[in-house]
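Structural characterization, general
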Amino acid sequence: MRKKALVASVVSALVIGASGVAGASPIFQDDFNGENAGNEALNFSSFNQWTVVPGTGTVDLIGNGGTFDFLPGNGLYVDLDGSTGLTGLLQSKSISAPAGNYVLSFDLAGSHRGTTESVSSFLPNELAPAAVSSLSLNLGNVTQILNIASNQGFQTYDIPFSLATPGSFSIAFRSIGGNGDNIGALLDNVSIAPVPEPSTILLLASGFFGVAIYGKRRKNNTT
Ligand SMILES: [Ca+2]
Ligand SMILES: [Ca+2]
Ligand SMILES: [Ca+2]
């Protein structure tokens, strides 16, 4: 019985170890909830981690129980078509990262005002395209275009990519087409997290086994 319990604890340690690695800390994360003291603002441009590129247009900061909270319960989020008749290019500030595999994740919802929206998301645009060695779901080079029906709730999109060399880059989002109506798709919960190499998990797993065997031997010696 005791032996079985030991095996079970080693297995659970392995599972915890592996999931801990998979959930490696994001190198970039934003839920927009802390912007503008939690209040809506049309044509908002003072984001903590983003720039609305001058000359492109505007975006709106909405939600959190305000007048334009189309999807309550998500705090603040961004209407990618502001209120000036031109869609803004929402570009992250510079993100520095070592070489490796990453996943860009973000939530997009429909406009909830009757229009189907197209959104382009841009991956590292300050790196040479050759440095981005893999992109699933990509259309074109490092740009992905997503079409979102009006009534779609927030849905998470994951885009894996690799950096061949360490560097700094930005990501960006823009509502495309439909200029003039001030209605855009809704963006929330953007993050970039490293994906561990399978060999890293194996190495950690063998480490756990080593600890488990050592512990067992030690116990046998003392009793
Ligand atoms: Ca939010
Ligand atoms: Ca708007
Ligand atoms: Ca629009």
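Bear in mind that the values here come from a model prediction, so they are computed numbers and not experimental data.

Parameters and conventions
- Residues numbered from 1 in each chain as written.
- Chains lettered and ligands numbered in written order.
- Predicted model: local features only at pLDDT ≥ 70, side-chain atom pairs only at ≥ 80, totals over all residues.
- Helix = DSSP H or I, 4+ residues; strand = E, 2+ residues; numbered from the N terminus.
- Buried ≥ 20, exposed ≤ 12 C-beta atoms within 10 Å, placed from the backbone.
- Core = buried A, V, L, I, M, F, W, Y, C linked by C-beta atoms within 7 Å.
- Contact = placed C-beta atoms within 7 Å.
- Pairing = 2+ DSSP bridges.
- pLDDT = per-residue confidence, 0-100.

1. Re the overall build of the protein chain
When helices and strands are tallied, the protein chain shows 2 helices and 14 strands. Every one of the 223 residues in the protein chain was classed for burial, and the buried ones make up 25%.

2. Some thoughts on unusual backbone geometry
At Asn36, a residue that is not glycine, the phi angle is positive and equals roughly 50°. Locating Asn36 in the fold gives a position in the loop between β1 (28-30) and β2 (50-52). On the basis of neighbour count, Asn36 is assigned to the partly exposed category, with 15 C-beta atoms found within 10 Å. Although it is not a glycine, His112 adopts a positive phi angle of roughly 60°.

3. Section: the nonpolar core
Counting residues in hydrophobic clusters, the biggest one holds 28 residues, and the most contacted among them are Val78, Leu80, Leu90, Leu108, Ala185 and Leu187. Counting residues per element, the ones that place at least two in this core are β2, β3 (60-63), β4 (76-79), β7 (100-109) and β14 (186-195). If you tally residues by element for this core, the top one is β7, at 5 residues. Leaving out residues up to four positions away in the same chain, Ala185 has contacts with Leu80, Leu108, Ala109, Gly110, Ser111, Glu117, Val119, Ile148 and Ser175.

4. A look at the environment of Gly184
By secondary structure assignment, the location of Gly184 is in the loop between β13 (172-176) and β14. With 74 residues separating them along the chain, Gly184 and Gly110 place their C-alpha atoms 7.7 Å apart. If sequence neighbours within four positions are ignored, Gly184 has contacts with Asp79, Leu80, Asp81, Thr87, Ser111, Glu117 and Ser175.

5. What about the pairing of β4?
Pairing of β3 with β4 involves 4 bridges; the strand directions are antiparallel. Residue Ile62 lies in a different strand from β4, and its bridge partner there is Tyr77.

6. Description of the confidence of the model for the protein chain
Per-residue pLDDT for the protein chain averages 77, and the proportion of residues at 70 or more is 66%. Confidence, read as mean pLDDT per element, is least for strand β9 (residues 132-135) in the protein chain (34) and greatest for β3 (98). Counting interchain partners and residues more than four positions distant, the pLDDT-below-50 stretch residues 5-21 has 15 contacts.

7. Some points on the environment of Asn33
In this structure, Asn33 sits in the loop between β1 and β2. On a C-alpha basis, the gap between Asn33 and Leu61 in space is 9.7 Å, while along the polypeptide they are 28 residues apart. If sequence neighbours within four positions are ignored, Asn33 has contacts with Gly38, Gly75 and Leu76.

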